[in-house]
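Coordinate inspection notes
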Amino acid sequence: MLLCGSVSADEPAPAKQQELRNLLKHDCGACHGLQLKGGLGPPLLPEALADKSDVLLLDTIQNGRPGTAMPPWKSFLTVDETNWLIRLLRQP
Ligand code: HEC
């Protein structure tokens, strides 16, 4: 990929990336809003996540937040895929 400074080895294959974008829109969007501006769940826009660490977000997405509506996704998303999604969410 040209002009993409930090392509890491754990980057999912292009077809998988498309699948993850769809998941984000449809599954995460069901609670966080189609535009990720918030709904039942809080907004997932870059500004909203700016002060949250990758570790916190990874834990939240993989394990959910017990006692809240946020479900665990670890049976659907690997750690690498989750990290990729977090990078995507942080992109303006
Ligand atoms: C059934 C509803 C629901 C679905 C589906 C859902 N979430 Fe959530 N999510 C929530 C709620 C509610 C919270 C807030 C939990 C709390 O109160 O701490 C949350 C919190 C989060 C947070 C933490 C945000 C913050 O500001 O700390 C992240 C990141 C997140 N969700 C990502 C995702 C991703 C990625 C998906 C899809 C793979 C997803 N969520 C799907 C309901 C949902």
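You'll find the structure just up there.
Only a predicted model underlies this, so the values are computations on that prediction, with no experimental measurement involved.

1. Details of the site of the ligand
- The environment of the ligand is made up of 19 residues, and the closest members are Cys 28, Cys 31, His 32, Arg 65 and Met 70.
- Interatomic distance of 2.9 Å between a side-chain N/O atom of Lys 52 and an oxygen atom of the ligand.
- Contact between the ligand and Arg 65: an oxygen atom at 2.6 Å from a side-chain N or O atom of the residue.
- The element that contributes the greatest number of residues to the shell around the ligand is helix 1 (residues 14-32), accounting for 5 residues.
- Its residues assigned to classes, the shell around the ligand shows 12 nonpolar, 4 polar and 3 charged.

2. Overview of the environment of Leu 85
- Tracing the backbone through its elements, the reader meets Leu 85 in helix 4 (residues 79-90).
- With a relative accessible area of 2%, Leu 85 lands in the buried category.
- For Leu 85 and Pro 46, which are 39 residues apart along the polypeptide, the C-alpha to C-alpha distance reads 12 Å.
- Residue contacts for Leu 85: discarding those within four places in its chain leaves Leu 20, Leu 23, Leu 24 and Leu 77.

3. Section: the packing of helix 1 against helix 4
- Packing of helix 1 against helix 4 brings their axes to within 11 Å, and their N-to-C directions diverge by 65°. Our classification of the angle between helix 1 and helix 4 gives roughly perpendicular. Considering the relative orientation of helix 1 and helix 4, their crossing is right-handed. Residues Lys 16, Gln 17, Leu 20, Arg 21, Leu 23 and Leu 24 of helix 1 form the contact with helix 4, whose participating residues are Glu 81, Trp 84, Leu 85, Leu 88 and Leu 89.
- Its residues assigned to classes, the contact of helix 1 with helix 4 comprises 7 nonpolar, 1 polar and 3 charged.

So, how was this worked out
- Residues numbered from 1 in each chain as written.
- Predicted model: local features only at pLDDT ≥ 70, side-chain atom pairs only at ≥ 80, totals over all residues.
- Heavy atoms only, no water.
- Near = heavy atom within 4 Å.
- Polar contact = N/O pair within 3.5 Å; in protein donor to acceptor, adjacent residues only side chain to side chain.
- Helix = DSSP H or I, 4+ residues; strand = E, 2+ residues; numbered from the N terminus.
- Nonpolar A, V, L, I, M, F, W, Y, C, P; charged D, E, K, R; others polar.
- Buried < 20%, exposed > 50% of the residue type's maximum accessible area, 1.4 Å probe, protein only.
- Contact = heavy atoms within 4.5 Å.
- Axes fitted to C-alpha atoms, helices over the stretch in contact; angles between N-to-C directions.
- Parallel < 35°, antiparallel > 145°, perpendicular 65-115°, else oblique.
- Left-handed = near helix turned anticlockwise from the far one by under 90°.

Function-wise, these values are silent; they only describe arrangement.
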